[in-house]
Amino acid sequence: QVQLVESGGGLVRPGGSLRLSCLASGRIFAINTMGWYRQAPGKQRELVATITTVGITNYADSVKGRFTISRDNARNTVYLQMNSLKPEDTAVYYCNADRIVGPNGYLTDFWGQGTQVTVSS
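Residues numbered from 1 in each chain as written. Predicted model: local features only at pLDDT ≥ 70, side-chain atom pairs only at ≥ 80, totals over all residues. Heavy atoms only, no water.

Q: Quick question: what am I supposed to make of the packing of aromatic side chains here?
A: Each aromatic ring pair is summarised here by two numbers: the centre-to-centre distance and the angle between the ring planes. Tallying each qualifying case throughout the model produces two aromatic pairs. Seen in terms of ring centroids, Tyr 37 and Trp 111 are 5.1 Å apart; in terms of plane orientation they differ by 65 degrees. Their pairing is edge-to-face. Linking Tyr 37 in strand β5 (residues 34–39) with Trp 111 in strand β11 (residues 105–111), this pair joins segments that are 74 residues apart in sequence. Ring centres of Tyr 94 and Trp 111 lie 6.5 Å apart, and the angle between their planes is 85 degrees; on these two criteria the pair is classed as edge-to-face. One end of the pair, Tyr 94, is in strand β10 (residues 91–102); the other, Trp 111, is in strand β11, with 17 residues separating them in the sequence. The class of Trp 111 is partly exposed, set by a relative accessible area of 27%. Ring-pair connections join several aromatic residues into one group, and the members of that group are Tyr 37, Tyr 94 and Trp 111. Sitting over the ring of Trp 111, Arg 45 keeps its end group 4.6 Å from the ring centre. (Phe/Tyr/Trp six-rings, centres within 6.5 Å; stacked < 30°, edge-to-face > 60°. Helix = DSSP H or I, 4+ residues; strand = E, 2+ residues; numbered from the N terminus. Buried < 20%, exposed > 50% of the residue type's maximum accessible area, 1.4 Å probe, protein only. Lys NZ or Arg CZ within 6 Å of the ring centre and 35° of its normal.)

Okay, structure coming up:
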C-alpha cells in the first residue's frame, strides 16, 4: 500500500526555520512531480512549491527566497526547508505526488495526511 507520510512540523517563532520531510512508502517504481501545499484555517489549499523528477522547481510568490524544495529520488523523499518563517505561514502542510508508478499501474494526485506548522511568538 502506497503512503505519503509527512514529518517535521511544529511550533516555531517568527524568523525561525523548520524542515519538512515527506516519505513515499510502498512498492514504488517512480514518482513524477512532488510538491508541498498548505491550508490555513478558513482558506483554500494553496500551492507552496513543486519539484519535478529532474529537479525543476516552482514556488508560490509568497515563499520565494525563504523556502527551498528538494528531493531524493533514491529514497522517494521530498523536503521543504522553510526559513524566515512568518505567522502567515501557519497552516497544515500537505505532501503531494502527481503520479506514482507501481507494479499494478499508477496513482494520480496522491496526498499525505498533512503536518501542522504554527508560527507564533
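Q: In this structure, what is going on with the nonpolar core? I would like to understand it.
A: Taken as a class, soluble globular proteins show a tendency for nonpolar side chains to be buried jointly. Counting 32 residues, the largest nonpolar core has Trp 36, Leu 80, Met 82 and Tyr 93 as the members making the most contacts within it. If you list the elements that add at least two residues to this core, you get β3 (18–25), β5, β6 (46–51), β8 (67–72), β9 (77–82), β10 and β12 (115–119). Among the elements that make up this core, the one with the highest residue count is β10 (five residues). (Core = buried A, V, L, I, M, F, W, Y, C linked by side-chain atoms within 4.5 Å.)

Q: Is there a simple way to think about the layout of surface pockets in this case?
A: Picture a little ball the size of a water molecule; that probe, rolled over the atoms, points out where space is still empty. The calculated volume of the largest pocket comes to roughly 190 Å³. As for the largest pocket, its lining consists of Gln 1, Val 2, Arg 27, Ile 100, Val 101, Gly 102, Pro 103, Asn 104, Gly 105, Tyr 106 and Leu 107. Of all elements in the fold, only β10 and β11 reach the threshold of two or more residues within the lining of the largest pocket. Considered class by class, the residues forming the lining of the largest pocket number six nonpolar, four polar and one charged. (1 Å grid on protein atoms, 1.4 Å probe; cavity = no way out; pocket = protein on both sides within 12 Å on 5 of 7 lines; lining within 4 Å. Points joined across faces, edges and corners; volume = space filled by probe spheres on them. Nonpolar A, V, L, I, M, F, W, Y, C, P; charged D, E, K, R; others polar.)

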